[in-house]
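Structural overview
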Amino acid sequence: FATTDFGLVRYGRLMQLCIACISVFYMFIYLVAELTSISNVYGLMVGLDTFSDTTIQYTTSIAISLGIFTWCYTSIAGLPASIVTDKFQAGLMFVLVLILLIVACSNPANQISREEFAAASNWTTDGLTAAVTLFIAIACAEMFNQGTWQRVWAAKSVKDMRKGFAIGSFLVFLLMMFFGIMGMIAYANDPTSYDTYMKFAYLAFFDLILPLGQGWHIVTLIVVTALAASSVDTLQTAIASVFSSDLLRFGLSERMALIVSRVMLAVILIPAIIMSSKRFDVIGLFLVADLVCGTAVFPVFLGLMTEDIGIIPAPTELGAFLGIWSGIAAVLINGHVIGFTQATNFITGETIATGPWSYFWLTNDPECAVCGTNTMITFIIVPLVAGFFTLFFSKLDIMIRGDRARQPIFTVAQPEVEAENYTFKGVATEEPKKEEEEGIETAKVVVTTDDVEKDGNEAAVAEEGDKTSEENEIGEEKAISA
């Protein structure tokens with residue numbers, strides 16, 4: 001079960017397709033970012049210039065190796081393999097990260113003064129806007145990360161799920177704090193190189209590892225490989241889950257659905273590896289996917305409302321669909337208002353895209369991808385606009401089409417059991433049956449000949465028992481009279 005299945009059950013096929021496209025797009029970008037990062041880390045650790053075109057073949061080979069390796073074991077064992085390897089990789093990662101923390105900070109080459117660290121970690125307006133932007137962007141995007149939802153539905157119980165997410169969130173917080181502080185130390189060591197793009201900001205931690213010996217470089221590569229493999233196998237199983245449930249609905253066997261979904265995953269993996277060789281800014285890549293998710297987060301999850309609240313309607317499928325397009329329109333209008341016409345890769349200087357759609361790249365600030373008030377305002381406005389117009393168009397839809405608006409637009413390969421979930425509270429979708437009016441619950445029962453004979457024998461025995469009871473009662477009354 002995934003968010004796409006929620007869209008099918010709550011809305012219908014149209015919204016399910018929208019959610020599937022957005023989810024796959026986000027996870028595809030996530031996959032590209034992971035492959036880009038691991039490739040560049042390997043290049044950095046072995047002393048290659050990751051800005052040079054001559055090293056593309058090496059970095060691409062790293063991406064291919066990781067992609068094929070994770071694809072193989074997830075194709076064989078699926079989600080259980082991803083969960084088991086995640087546990088192993090997490091334990092290994094935290095032990096090695098702790099070791100690297102001690103070694104890197106004790107190295108004289110990484111020593112900085114209090115003043116240098118203060119300059120790298122001081123409070124700025126750009127830092128505030130980046131924090132707000134990241135919070136909204138990640139919250140929107142992770143709602144469409146099927147890898148997370150898979151772990152929700154795979155949990156043994158709600159209690160176990162909450163416990164797991166609480167512990168996991170705390171550990172992720174510690175890990176992010178670690179990499180954040182290490183990044184500040186690396187920047188304080190050489191701010192000019194980061195400001196002029198001579199070094200990748202998202203690889204700042206690994207610049208602290210370079211002065212260490214080759215043995216520590218190997219340990220570092222083990223850590224980053226475990227990190228990348230953990231994310232890549234999760235994304236692969238998540239992308240496969242988007243396709244597999246529908247393949248089963250259309251009548252394919254479990255084995256055939258597994259084969260088809262894995263082939264489709266391999267097809268998606270090929271362009272991801274190709275894009276990773278382009279060396280896009282990783283944060284910039286995520287922002288594109290985050291903004292796309294921001295156009296749909298409210299239209300999709302306002303669907304948790306199944307009854308009207310005053311004048312606020314429970315969203316309809318058409319209303320939610322138009323709400324997503326309203327969010328997209330908000331992005332384009334925002335770009336037009338600020339006069340944005342071209343997206344540029346500030347690392348390579350290349351033009352990524354031109355025209356109104358180029359604003360989705362959000363290259364507003366050359367200093368950092370998430371900095372600047374324009375990017376922050378965009379991430380605030382877009383989800384709110386999409387949510388408002390979802391409710392607005394749903395209200396119009398209900399006014400024009402009545403109760404029909406509550407039903408799915410398309411019902412292709414829609415099982416009856418799931419179709420029943422379209423019924424809204426307080427909305428009658430068909431004429432009530434006489435039995436229901438009288439408060440009698442009816443159920444469909446399949447009866448066989450053996451069942452009829454069995455029921456007949458039981459009825460005969462019960463009837464004989466009743467007669468015997470009546471005779472005993474009469475006998476007792478006569479005895480009392482006597």
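Predicted model, so just to flag it, every value in this text is computed and none were measured.

A few words on the environment of F117. Topologically, F117 is positioned in helix α5 (residues 114–120). F117 gets classed as partly exposed once you look at its relative accessible area, which sits at 29%. Note: C-alpha distance between F117 and N189 (72 residues apart in sequence) is 8.6 Å. Filtering out sequence-adjacent residues up to four positions away, F117 remains in contact with I112, I181, M184, I185 and A188.

Per-residue pLDDT for the chain has a mean of 82; in total, 84% of the residues score no lower than 70. Taken element by element, the predicted model of the chain shows its lowest mean pLDDT in helix α18 (residues 434–437) (42) and its highest in helix α14 (residues 297–301) (97). Segment residues 426–455: pLDDT under 50, and 10 contacts once partners within four positions in sequence are set aside and those in other chains are kept. Confidence drops under pLDDT 50 across residues 458–462; counting only partners more than four residues distant or on other chains, this segment forms 0 contacts.

Here the focus is the packing of helix α3 (residues 56–77) against helix α11 (residues 214–249). Two elements in contact, α3 and α11, have axes whose closest approach is 9 Å; the angle formed by their N-to-C orientations is 55°. With respect to α11, the axis of α3 lies oblique. Between α3 and α11 the crossing geometry is right-handed. Contacts between α3 and α11 involve L66, G67, T70, W71, Y73 and T74 from the first element and A228, A229, V232, D233, Q236 and T237 from the second. Counted by class, the contact of α3 with α11 contains 6 nonpolar, 5 polar and 1 charged residues.

With that settled, the discussion passes to the packing of helix α4 (residues 79–106) against helix α7 (residues 146–154). Where α4 meets α7, the axes come as close as 12 Å, and the angle between the chain directions of the two elements is 95°. Overall, the two elements α4 and α7 adopt an arrangement that is roughly perpendicular. Each of L79, S82, I83 and D86 in α4 lies in contact with α7, whose residues at this interface are Q150, R151 and A154. Of the residues contributing to the contact of α4 with α7, the split by class is 3 nonpolar, 2 polar and 2 charged.

Time to look at the pattern of salt bridges. For the structure on display, the rule yields 5 salt bridges. Between R406 and D308 there is a salt bridge, and its shortest N-O distance comes to 2.8 Å. Of this pair, R406 sits in the loop between α16 (373–401) and α17 (416–419) while D308 sits in the loop between α14 and α15 (317–337); the two residues are 98 residues apart in sequence, bridging distant segments of the chain.

With that out of the way, let us pick up the nonpolar core. With 94 residues, the main nonpolar core has L35, F144, F206 and V300 as its most contacted residues. For this core, the element with the most residues is helix α2 (residues 13–45), which contributes 19 residues. Not counting residues within four places of it along the chain, the set of residues in contact with V300 comprises T3, F6, Y11, M15, I19 and F144.

Take unusual backbone geometry next. Backbone geometry places L362, a non-glycine residue, at a positive phi of 55°. Locating L362 in the fold gives a position in the loop between β2 (351–354) and α16. For L362, a relative accessible area of 1% puts it in the buried group.

Here is what the cut-offs are and how they apply
- Going along each chain's sequence as written, the residues are numbered from 1 onward.
- Where local features are concerned, this predicted model is filtered to residues with pLDDT of at least 70; where side-chain atom pairs are given and counted, the filter is 80 or more; whole-chain, interface and lining totals use all residues.
- Remark: hydrogens and water are excluded; side-chain values derive from all non-hydrogen atoms of the structure.
- Elements are defined by DSSP. Helices are runs of H or I of four residues or more, strands are runs of E of two residues or more, and each kind is numbered from the N terminus.
- Here's how the labels work: a residue is buried when its accessible area is under 20% of the maximum for its type, exposed when over 50%, partly exposed in between, all with a 1.4 Å probe on protein chains only.
- Note on contacts: a residue pair is in contact if any heavy atoms of the two residues lie within 4.5 Å.
- Every residue carries a pLDDT, the predictor's confidence in it, which falls somewhere between 0 and 100.
- To get an axis, a line is fitted to the C-alpha atoms, and for a helix only the part in contact is used. The angle between two axes follows their N-to-C directions and goes from 0 to 180 degrees.
- Under this scheme an angle from 65 to 115 degrees is roughly perpendicular, one under 35 degrees roughly parallel, and one over 145 degrees roughly antiparallel; angles in between are oblique.
- By the definition used in this description, the sense in which the near helix is turned from the far one sets the handedness, with an anticlockwise turn below a right angle giving left-handed and a clockwise turn giving right-handed.
- Here the term charged refers only to Asp, Glu, Lys and Arg, the term nonpolar to Ala, Val, Leu, Ile, Met, Phe, Trp, Tyr, Cys and Pro, and the term polar to all other amino acids, Gly among them.
- The term salt bridge refers to a pairing of a side-chain nitrogen on Lys or Arg with a carboxyl oxygen on Asp or Glu at a separation within 4 Å.
- Think of a nonpolar core as a cluster: buried Ala, Val, Leu, Ile, Met, Phe, Trp, Tyr and Cys residues, connected wherever their side-chain atoms sit within 4.5 Å.

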